[in-house]
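# Close look at the chain arrangement
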Amino acid sequence: MGLNLNDKKAVVAEVSAKVATAQTIVVAEYRGIQVGHLTQLRAKARTQGVYLRVLKNTLARKSVEGTQFANLADSMVGPLIYSISDDAVAAAKVIADFAKTNDKLVITAGNYAGKQLDKAAVVALASIPSREVLISQILGLMLTPVSSFARGLAALAAKKGEGAAPAAEETAAAEEAPAAA
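So, how was this worked out
Residues numbered from 1 in each chain as written. Predicted model: local features only at pLDDT ≥ 70, side-chain atom pairs only at ≥ 80, totals over all residues. Heavy atoms only, no water. Helix = DSSP H or I, 4+ residues; strand = E, 2+ residues; numbered from the N terminus. Buried < 20%, exposed > 50% of the residue type's maximum accessible area, 1.4 Å probe, protein only. Polar contact = N/O pair within 3.5 Å; in protein donor to acceptor, adjacent residues only side chain to side chain. Contact = heavy atoms within 4.5 Å. Patch = residues over 30% accessible without salt bridge, like charges linked within 9 Å, V, L, I, M, F, W, Y side chains within 5 Å. Areas by Shrake-Rupley, 256 points an atom, 1.4 Å probe, with all protein chains shown as cover. Salt bridge = Lys/Arg side-chain N within 4 Å of Asp/Glu carboxyl O. 1 Å grid on protein atoms, 1.4 Å probe; cavity = no way out; pocket = protein on both sides within 12 Å on 5 of 7 lines; lining within 4 Å. Points joined across faces, edges and corners; volume = space filled by probe spheres on them. Nonpolar A, V, L, I, M, F, W, Y, C, P; charged D, E, K, R; others polar. Arc of directions from axis to C-beta. Pairing = 2+ DSSP bridges. Axes fitted to C-alpha atoms, helices over the stretch in contact; angles between N-to-C directions.

The next thing to look at is the side chain of Ser85. If you trace the backbone, Ser85 turns up in strand S3 (residues 80–85). Judged by relative accessible area, Ser85 falls into the buried class, the value being 2%. Within polar-contact distance, the side chain of Ser85 engages the backbone nitrogen of Ala91 at 3.2 Å. Not counting residues up to four positions away in its chain, the partners in contact with Ser85 are Ala22, Gln23, Thr24, Val50, Ala90 and Ala91.

This brings us to a nonpolar patch on the surface. Residues Ile135, Ile138, Leu139 and Met142 make up a contiguous nonpolar surface patch of roughly 380 Å² in combined accessible area. Residue placement: Leu139 occurs in helix H6 (residues 131–180). Look at Leu139 and you get partly exposed, because its relative accessible area is 47%.

Scanning the entire structure with this criterion turns up 1 cavity of 30 Å³ or more. Approximately 40 Å³ is the volume attributed to the largest cavity. Counting only elements with at least two residues in the lining of the largest cavity, the list comes to helix H1 (5–21), helix H3 (57–64) and S3. Considering each element in turn, the lining of the largest cavity owes the most residues, 3 residues, to H3. Of the residues that constitute the lining of the largest cavity, the class distribution is 9 nonpolar, 1 polar and no charged.

This part covers helix H5 (residues 119–126). If you check which residues of H5 are buried, you get Val122, Leu125 and Ala126. One face of H5 carries all of its buried residues, which in axial projection span an arc of 100°.

What the 5 strands build is an open sheet, ordered S2-S3-S1-S4-S5; its pairing is antiparallel. The open sheet has two edge strands with one neighbour each: strand S2 (51–54) and strand S5 (115–117). Averaged over all neighbouring strand pairs, the angle between strand axes comes to 15°, with direction disregarded. The pairing of S2 with S3 spans 4 bridges and is antiparallel. Paired with Val54 across the bridge in S3 is Ile81.

This paragraph deals with the pairing of S3. Side-chain positions along a regular strand alternate between the two faces of the sheet. Counting buried positions along S3 gives 6 out of 6 residues, so the element sits mostly inside the fold. Side chains of S3 alternate between two faces, with Leu80, Tyr82 and Ile84 and Ile81, Ser83 and Ser85 buried alike. Where strand S1 (residues 24–29) and S3 come together, 6 bridges link them in antiparallel fashion. When the bridges of S3 are listed, Thr24 appears paired with Ser85.

Let's shift gears to the environment of Arg42. You can see Arg42 is positioned in helix H2 (residues 35–47). Classification of Arg42 by relative accessible area gives partly exposed; the value is 31%. Put simply, Arg42 and Arg53 are 11 residues apart on the chain and 8.3 Å apart in space, counted from C-alpha to C-alpha. Ignoring any residue separated from it by four or fewer positions in sequence, one finds Arg42 in contact with Leu52 and Val54.

Below is the structure:
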């Protein structure tokens, strides 16, 4: 059963709202995938904060019309699932990871910040670490010089402390030796 005009307008409005804040859209053909596998894909997308939806291509074209993703309209042919995310990598990562385990999901195109992506570019985008991982790596790099300096100071203090202790013992022993004589 098809959608009436009001339902179609509601779908276009919902998807347009997601597209307005999105950085990445990935489009994949899902022909032949079992419903259980699509449910797993949707659950994974939900946990990653990715909007994943099967749409009529005409409604998807209307949703991206006039946005930075308008050039993606040419790739909207066939039974497609749309992955939309505010995170630059999340949409590509969810689809590419699922495509590795299920050969029936075929990545057809993508768009990142207004730039058209082919399948290889989507897979390359998916291989970039997530935002959280990149932030932790940068913080690790920023802390390395400070922690190295602190370890160096601690080692220097320990070395000076070791050198001072034997010298103090030698002077104490030298003072006791003449007194004993």
